[in-house]
Amino acid sequence: MTQVHPSRRSRLAVIGSAGVLALAGSVVAALPAGAAGGNGCENRNNDTVAKLTECVTVDGVTEHLEALQGIADDNGGTRVSGSPGYDASVDYVAEQLEGAGYTVTRQPFEFPFFEQTSPSVFSRVSPDPLTFVEGTDYAVATYSGTGDVTGVVQAVDVVIPPSPAANGNTSGCEDADFATFTAGNIALLQRGTCTFGEKVANAVEAGAAGVVLFNEGQPGREDLLSPTLGAPIEGAVPVVGVSHQAGVDLQGDTVRLAVTTVSELRDTENVIAELPGRTTDNVVMAGAHLDSVAAGPGINDNGSGSAAILEVAQDVAETKPQNTIRFAWWGAEEYGLLGSNHYVSQLDEQQVADIGLYLNFDMVGSPNFARFIYDGDQSAFTAPVVVPEGSDQIEYVFEDYYEQRQLPYEATEFSGRSDYQAFILAGIPSGGLFTGAEGIKTPEQAADYGGTAGTAYDPNYHQAGDTIGNVDRDALDQNSDAIAYAVLTLAYDTARVNGVTGQPVPGGTFEGDPDARQYRQPSGMEVGGGGLSPDHGHDHDHGHGGDAV
């Protein structure tokens, strides 16, 4: 979920006649859209930035998005993992890769599936009857049970006002918390210490007919809570999340809670394909989650990232890079990053060491977009986990590209809410691009990128409206080329990331300068006459599956 941070930076290099970015007419060239098609892009060696970005076109990426939209249309409007729509999406990606000459690995795994099958009801019966609005006043917890219950809301070991320390109370974490709980009541449990799944399991054991989970109350833990229980719970009851104030206000009220869900174990798959390089122990990985949420077709989230790396994979297939390039399409990301976590968990120590870096592309065509780069040097945000050394240089690779194109950009937090997380936790340098989800565009960003201030970057985020019409072609075009640029240049040389020297990409990173290999200074410092624009002061987190604790 989106949180607010005080240090937000946005940069647009002022490209002049001096300094390391004195490009003056040497911006990477790209032919008009459609020109590449007649050149047989998928059958030639696109071993230069100019050739590859010529071939990776917005029309090509859009063809894949149209295919994913058609799959959703044929399968109930969704491509959620564990559904026929996702299975058909896997088939499509695998067929496209095999047609380009790749050997495709389909990695199966079991995951806990969840779907809300009808609108829920949450209302106060007494005193002062009031019907609450789903998505505004409350959220159904992922893996909530099914039921229609009415009961008194009974607080269980809550702390109001909250402990000064975030995650500072143990409401519902211990059996003893329920010593005076009345079976048949609806348990009110406060966020903190243990997982929501543990809290709810304890409440079920104590005879609760339903559960209301409310946010803890410290700064940053006050808003509407969208919790996940982590997996189906035996004997599960209806469970919803609310804001801190709503939880405070509901104590002692009689409420009705009606939820209908499917919550069970299902099978799904990751898709993996790689282009062999001259070396096998310094793999450059690029990944995107392929699944949508149950509510819609997921064409921006995350058909856009999936289609972009598929287009790059097809057009780079005849290249003979220094480093092996591995592409991945993850399943069950929307259930808590399950596909990428499963993949990394199956690697042995040497296989982890062989991955030189990971690039993540989750939503790269948002309709009210901003250009976000994951903050590898943590100049704007402090990540909640240790970010591996070298991630800063991945950030600078994308900065290089945007600055070549004279496009503004800014940092976004490594918040742990997308598929880079498993790789970061394994010590693998990581980075990538993002164009925004439910966060609100600021006036400063509207001036930088266009679009509408005061509106979400993607107003259809996680909704049925995330269709083929929910993608900005300019953002998709620019970011697809940025992905191609990063994948190709790092496939030839990762010295700036992990000290493993390869060879310069043929033709150089900048047209007309075949020996150019730029090394960015830390963000926030002037580079080649560039500078910082005013602080924007906002985080643009991409949340999946809700908070665990």
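Per chain, the residues get numbers from 1 upward, laid out in the order the sequence is written. Only residues with pLDDT of at least 70 are given local features in this predicted model, and only at 80 or more are side-chain atom pairs given and counted; all residues enter the totals for whole chains, interfaces and linings. Side-chain numbers here rest on the full set of heavy atoms in the structure, without hydrogens or water.

> Looking at this structure, I do not really get the packing of aromatic side chains. What am I missing?
For Phe, Tyr and Trp, rings pair up if their centres lie within 6.5 Å, where Trp contributes its six-membered ring, and each pair is then called stacked (planes under 30 degrees apart), edge-to-face (over 60) or tilted (otherwise). Summed over all chains, the structure comprises 24 aromatic pairs. Seen in terms of ring centroids, Y343 and F423 are 6.4 Å apart; in terms of plane orientation they differ by 35°. Their pairing is tilted. Here F423 lies in helix α10 (residues 420–425) and Y343 lies in helix α7 (residues 338–345), a separation of 80 residues in the sequence. Each ring, one from F369 and one from Y449, has its centre 6.4 Å from the other, and the planes form 50°; the classification is tilted. One end of the pair, F369, is in the loop between β14 (355–361) and β15 (372–374); the other, Y449, is in helix α11 (residues 443–449), with 80 residues separating them in the sequence. A 1.4 Å probe rolled over the protein chains alone gives each residue an accessible area, and that area as a share of the maximum for its type sets the label: buried under 20%, exposed over 50%, partly exposed in between. For F369, a relative accessible area of 7% translates into the label buried. Note on Y449: relative accessible area 8%, which makes it buried. Through a chain of ring-to-ring contacts, three or more aromatic side chains come together here, namely F111, F113, F114, Y143 and Y335. Whether a charge sits over a ring depends on NZ of Lys or CZ of Arg being within 6 Å of the ring centre and within 35 degrees of the ring normal. Sitting over the ring of F113, R266 keeps its end group 3.6 Å from the ring centre. For the purposes of this entry, the term helix denotes a DSSP run of H or I that reaches at least four residues, the term strand denotes a run of E that reaches at least two, and both are numbered from the N terminus.

> Mind showing me how you'd approach the packing of helix α9 (residues 391–404) against helix α12 (residues 473–492) here?
Packed helices, taken two at a time, are described by the angle their axes make and the gap between the axes. Where α9 contacts α12, the axes come no closer than 10 Å and their chain directions differ by 130°. Considering the angle they form, α9 stands oblique to α12. Of the two elements, α9 crosses α12, and the hand of that crossing is right-handed. Across the interface between the two elements, V397, F398, D400, Y401, Y402 and Q404 of α9 pack against Q478, N479, D481, A482, Y485, A486, T489 and L490 of α12. Lines are fitted to the C-alpha atoms to define the axes, a helix being fitted only along its stretch in contact, and any angle between axes, read from their N-to-C directions, falls within 0 to 180 degrees. Under this scheme an angle from 65 to 115 degrees is roughly perpendicular, one under 35 degrees roughly parallel, and one over 145 degrees roughly antiparallel; angles in between are oblique. A clockwise turn of the near helix away from the far one marks a right-handed crossing, whereas an anticlockwise turn of less than a right angle marks a left-handed crossing. Residue contacts are counted whenever heavy atoms from the two residues lie within 4.5 Å of one another.

> Looking at this model, I keep getting lost on the sheet that holds strand β10 (residues 254–259). Mind explaining?
Strand order across the open sheet formed by eight strands is β4-β3-β10-β6-β7-β8-β9-β5, with mixed pairing between neighbours. Pairing within the sheet leaves two strands with one partner each, and these edge strands are β4 (130–131) and β5 (139–140). Of the strand pairs in this sheet, strand β3 (residues 121–126) and β4 are connected by two bridges, and their pairing is antiparallel. When the bridges of β4 are listed, R124 appears paired with L130. Here a strand pair is declared whenever DSSP counts at least two bridges between the two strands.

> Looking at this model, I keep getting lost on a negative patch on the surface. Mind explaining?
A grouping of D157, E174, D175 and E205 is seen on the molecular surface, where their side chains present a negatively charged patch. One can find D157 in the loop between β6 (147–155) and β7 (186–190). Given the relative accessible area of 36%, D157 is considered partly exposed. Patches here are clusters of residues that have more than 30% relative accessible area and form no salt bridge, with a 9 Å joining cutoff for like charges and a 5 Å cutoff for nonpolar side chains (Val, Leu, Ile, Met, Phe, Trp, Tyr). Here the open area of atoms and residues is found with the Shrake-Rupley method and a 1.4 Å probe, where only the protein chains shown may cover a residue. Salt bridge, as applied in this entry: a Lys or Arg side-chain nitrogen positioned within 4 Å of an Asp or Glu carboxyl oxygen. Working convention for charge: Lys and Arg count positive, Asp and Glu count negative, and His plus the chain ends are omitted. Charge placement uses NZ in Lys and CZ in Arg. For Asp and Glu, CG and CD serve respectively.

> Just to check I follow, could you spell out the state of the cysteines for this structure?
A covalent bond between the sulfur atoms of two cysteines is what we call a disulfide. Put simply, a disulfide is two cysteine sulfurs that come within 2.5 Å. With the rule as written, the count across this model stands at two disulfides. Residue C41 pairs covalently with C55 via a disulfide, S to S 2.0 Å. Between C41 and C55, the disulfide has an S-S torsion of -75° and is therefore left-handed. Placement of C41 in the loop between β1 (10–11) and α1 (49–55) and of C55 in helix α1 is noted, with a sequence separation of 14 residues between them. Across the pair, C55 and C41 agree in class, each one buried. There is a disulfide in this structure between C173 and C194, and the S-S distance comes to 2.1 Å. Negative torsions about the S-S bond denote left-handed disulfides, and the value of about -95° found for C173 with C194 makes this one left-handed. Here C173, found in the loop between β6 and β7, pairs with C194, found in the loop between β7 and α4 (196–205); they are 21 residues apart in sequence, far enough to count as distant. If you count the bonded cysteines of the chain from the N-terminus, they pair up as 1-2, 3-4.

> It is not clear to me how unusual backbone geometry should be interpreted in this structure. Could you clarify?
Note: most peptide bonds trans; most residues except glycine with negative phi. Residue P127 is bonded to the preceding S126 through a cis peptide linkage, with omega at -10°. Inspection of the secondary structure puts P127 in the loop between β3 and β4. Cis geometry is adopted by the peptide bond preceding P161, which originates at I160 and carries an omega value of -5°. With respect to the secondary-structure elements, P161 resides in the loop between β6 and β7. Even without being a glycine, D157 presents a positive backbone phi close to 55°.

> I keep staring at the pairing of strand β8 (residues 210–214) and nothing clicks. Help me out?
It is a general feature of regular strands that their side chains alternate between the two faces of the sheet. With five of five residues buried, β8 is to be regarded as a mostly interior element. In β8, alternate side chains face the same way, and those of G210, V212 and F214 on one face and V211 and L213 on the other are all buried. By convention, orient the strands away from the viewer: a clockwise path from the first strand over the helix to the second makes the crossover right-handed. Each parallel crossover has a hand, and the one from β7 via α4 to β8 is right-handed. Where β8 lies against strand β9 (residues 239–242), four bridges are found, and the strand directions are parallel. Opposite L213, over in β9, you have G241 as the bridge partner.

> How should I be thinking about the nonpolar core in this particular structure?
Where a protein is soluble and globular, its nonpolar side chains tend to be buried together. Judged by nonpolar contacts, the single largest core of 63 residues is most densely connected at L97, Y102, F327 and L359. The contacts of F327, once residues within four sequence positions are left out, are Y102, V271, I272, A273, A286, I309, V312, A313, V316 and V487. If you look at the next biggest cluster of nonpolar residues, it comprises 43 residues, including I186, F214, V239 and V259. Here, nonpolar core means buried Ala, Val, Leu, Ile, Met, Phe, Trp, Tyr and Cys residues that are tied together by side-chain atoms lying within 4.5 Å of each other.

> Sorry, what's going on with the pairing of β7 here?
Of all five residues in β7, five are buried; the element is thus mostly enclosed. Where burial is concerned, the two faces of β7 agree: the one with I186, L188 and Q190 and the one with A187 and L189 are both buried. Summarising the sheet, β6 and β7 pair through three bridges and their orientation is parallel. What sits directly across from Q154, in β7, is A187.

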